[in-house]
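One letter stands for each residue in the lines below.
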Amino acid sequence: MPGGRLVTTDGVHIALHRLRETSGRPAVLCVHGAFCSHTVWRRGLADLLDSRGYDVWLADLRHHGASDREPKPRTWRFEDCILRDAPALVARVAAETIGAPIAWIGHSFGAVIGWCWLARQQPPPPEVAAVVGLGTPGPSALGVRRRAGAFGMMMLSRILRQFPARTLRLGPENEAAHVFGDWMSWNVRGRWLGRDGFDYLAALPRLRIPYLAVAGQGDHLMAPPYACHEVFEKVGTAHKKFVVAGPHLTHSGLLIDPKARERCWPAVADWLDETLRKK
């Protein structure tokens, strides 16, 4: 798979993989969520998008996959992914796909990172023509069970100076303590609040970028449909669609369950066809 590494403004080397060298096609930048890396997209969705005629790019956020690992515990914050990784990734894809529209496709906090970066831009960059969020929850509609789970994960990250996803069999990638802990704290507090006080969620209504939100019908804990609908409602664009995929597709199942080949991925590809091919 063609690929390369790029350097963020704070000197971190992050990996960006391209499914195959191509030109003249709309681009999709796929950004993973927690506990995994770019390889999660290779379970099938990336290949489907390639077969539909898209220029497919797969990112590894800092501390994941082939990207740099945290030099010492508690060095990086969640906003480093937003303010440093996101612009570097979009800039590289834009430079290599001159003039092509780009869709940011994120799973879980992979979509949150994209939306939060876009919310900071005045105006949002025109090359980002669409956003797809797979299992992307808002922070306010937390029940007792989800809030308790987020609090426990946040505290475990702080105590152990990392989140031990491999030990807990949640996925192949452990998470950096403050990157994951900050994300969990947003869910505990019910706000996407930057360290400088910037309210990311409150800024979403001014964004007019087309949005497809996909929730797993079987996701009852990480990103249930009602939580994903909070982000969907906040984004200000009139060109948006909400899809509940299932039955029985869980949070990770949106990307790795074989049933997603019929019950999720075609809906993503069809929406991208309708949205980007008009550009």
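On a predicted model such as this, the values are computed, not experimentally measured, just so you know.

Caption draft 1: Structural context of unusual backbone geometry. Omega for the peptide link from glutamine 122 to proline 123 comes to -5°, which places this bond in the cis form. Along the polypeptide, proline 123 turns up in the loop between helix H3 (109–120) and strand S6 (128–134). Backbone torsion omega between glycine 246 and proline 247 reads 5°, so that peptide bond is classified as cis. Checked against the element boundaries, proline 247 lands in the loop between strand S10 (240–245) and helix H8 (253–256).

Caption draft 2: Seen up close, the nonpolar core. Ranked by internal contacts, the top residues of the largest apolar core, which has 57 residues, are Leu29, Trp115 and Trp192. Ignoring sequence-local partners within four residues, the contact set of leucine 29 consists of Leu16, Trp57, Ala59, Leu89, Val90, Val93, Ile102, Ala103, Trp104 and Ile105. Core analysis: the second largest hydrophobic core is formed by 33 residues, Val40, Leu45, Leu58 and Ala103 among them.

Caption draft 3: Region of the structure containing the layout of surface pockets. Here the largest pocket is characterised by a volume of approximately 630 Å³. Ala34, Phe35, Ser108, Met222 and His251 are the residues nearest the centre of the largest pocket, which is lined by 33 residues in total. A per-class count over the lining of the largest pocket returns 17 nonpolar, 13 polar and three charged.

Caption draft 4: The packing of aromatic side chains, seen in detail. Summed over the entire model, instances satisfying the criterion amount to 13 aromatic pairs. Centre to centre, the rings of phenylalanine 163 and phenylalanine 180 are 4.7 Å apart; their planes meet at 40°, and the pair counts as tilted. On the criterion of sequence distance, the pair formed by phenylalanine 163 in strand S7 (residues 162–163) and phenylalanine 180 in helix H5 (residues 177–189) is long-range, its members being 17 residues apart. In this pair, the class of phenylalanine 163 matches that of phenylalanine 180, namely buried. Measuring from centroid to centroid gives 5.0 Å for phenylalanine 198 and tyrosine 200, while their planes differ by 70°, and the two rings are edge-to-face. A relative accessible area of 24% places phenylalanine 198 in the partly exposed class. These aromatic residues form a ring-pair network of at least three members: Phe78, Phe109, Trp183, Trp186, Trp192, Phe198 and Tyr200. The cationic tip of arginine 62 hangs over the ring face of tryptophan 76; the distance from NZ or CZ to the ring centre is 4.9 Å. We note lysine 240 situated over the ring of phenylalanine 232; from NZ or CZ to the ring centre the distance is 4.9 Å.

Reading the values: rules and limits
- Residues numbered from 1 in each chain as written.
- Predicted model: local features only at pLDDT ≥ 70, side-chain atom pairs only at ≥ 80, totals over all residues.
- Heavy atoms only, no water.
- Helix = DSSP H or I, 4+ residues; strand = E, 2+ residues; numbered from the N terminus.
- Core = buried A, V, L, I, M, F, W, Y, C linked by side-chain atoms within 4.5 Å.
- Buried < 20%, exposed > 50% of the residue type's maximum accessible area, 1.4 Å probe, protein only.
- Contact = heavy atoms within 4.5 Å.
- 1 Å grid on protein atoms, 1.4 Å probe; cavity = no way out; pocket = protein on both sides within 12 Å on 5 of 7 lines; lining within 4 Å.
- Points joined across faces, edges and corners; volume = space filled by probe spheres on them.
- Nonpolar A, V, L, I, M, F, W, Y, C, P; charged D, E, K, R; others polar.
- Phe/Tyr/Trp six-rings, centres within 6.5 Å; stacked < 30°, edge-to-face > 60°.
- Lys NZ or Arg CZ within 6 Å of the ring centre and 35° of its normal.

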